[in-house]
Amino acid sequence: MADCIFCKIDAGEIPSEKVYEDDLCFAINDINPKAPTHMLIIPHEHIPTISDLEEGQETLAGHMIKVARDLAHKAGVEGYRLQFNVHEKGGQEVMHIHLHLMGWM
Ligand code: 5GP
Ligand code: ZN
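Please read these numbers as outputs of a predicted model, since none were measured by experiment.

Draft legend 1. How the structure looks around a nonpolar patch on the surface. Taken together, the side chains of Ile 65, Tyr 80 and Leu 82 define a hydrophobic patch exposed on the protein surface, amounting to about 240 Å² of accessible area. Tracing the chain through its elements places Leu 82 in strand 4 (residues 79-83).

Draft legend 2. A look at the coordination of the zinc ion (ligand 2). Here the zinc ion (ligand 2) is held by Cys 4 (SG), Cys 7 (SG), His 46 (ND1) and His 96 (ND1), and the distances to it run 2.0 to 2.3 Å. Donor residues binding the zinc ion (ligand 2) come from one chain and are separated in sequence as C-x2-C-x38-H-x49-H. Within this pair, whereas Cys 4 is found in the segment before helix 1 (5-10), its partner His 96 is found in the loop between strand 4 and strand 5 (99-104), the two being separated by 92 residues in sequence. Look at Cys 4 and you get buried, because its relative accessible area is 6%. In this structure His 96 comes out as buried when scored by relative accessible area, which is 0%.

Draft legend 3. Up close: the nonpolar core. By size, the foremost hydrophobic cluster in this structure holds 15 residues, and its most contacted members are Ile 41, Met 64, Val 67, Leu 71, Leu 99 and Leu 101. Elements that contribute at least two residues to this core include exactly strand 2 (25-29), strand 3 (37-43), helix 2 (58-75) and strand 5. In terms of residues, this core owes the most to one element, helix 2, which gives six residues. Among all residues touching Leu 101, those that are not within four sequence positions of it are Thr 37, His 38, Met 39, Ile 41, Ala 68, Leu 71, Ala 72, Tyr 80, Arg 81 and Leu 82. Core analysis: the second largest hydrophobic core is formed by eight residues, Cys 7, Phe 26, Ile 28 and Ile 42 among them.

Rules of the game
- Residues numbered from 1 in each chain as written.
- Chains lettered and ligands numbered in written order.
- Predicted model: local features only at pLDDT ≥ 70, side-chain atom pairs only at ≥ 80, totals over all residues.
- Heavy atoms only, no water.
- Patch = residues over 30% accessible without salt bridge, like charges linked within 9 Å, V, L, I, M, F, W, Y side chains within 5 Å.
- Areas by Shrake-Rupley, 256 points an atom, 1.4 Å probe, with all protein chains shown as cover.
- Salt bridge = Lys/Arg side-chain N within 4 Å of Asp/Glu carboxyl O.
- Helix = DSSP H or I, 4+ residues; strand = E, 2+ residues; numbered from the N terminus.
- Donors = N, O, S within 2.8 Å, 3.2 Å for Na, K, Ca; no water.
- Buried < 20%, exposed > 50% of the residue type's maximum accessible area, 1.4 Å probe, protein only.
- Core = buried A, V, L, I, M, F, W, Y, C linked by side-chain atoms within 4.5 Å.
- Contact = heavy atoms within 4.5 Å.

What follows is the structure, encoded as structure tokens:
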């Protein structure tokens, strides 16, 4: 998707180290972290918001949660928060689904 920051990062057009990647999604460290550990889990597929998830795509959301859980364990955080911001009113700035993983030691 042209003009989408996360599609550009996925394609390597904007530099950002992927800390994880599989067939469905990838993860990067948030550029402006709001917690000591702050990663974003992002599907390769450009889906603007959680509201746009269609029948059958719930497995993608479940997969993203599992990946976030594994990354939290790997980072060794003691507690963590998983957050989807949805629509501008819900605090979503980048219109390509992403799951925030925020963790604290
Ligand atoms: P949202 O507000 O859409 O839920 O979250 C978007 C997140 O993406 C923000 O926490 C912001 O700091 C992060 N972000 C925006 N642009 C970039 C970027 O170019 N690189 C990285 N690593 N994170 C970004
Ligand atoms: Zn995108």
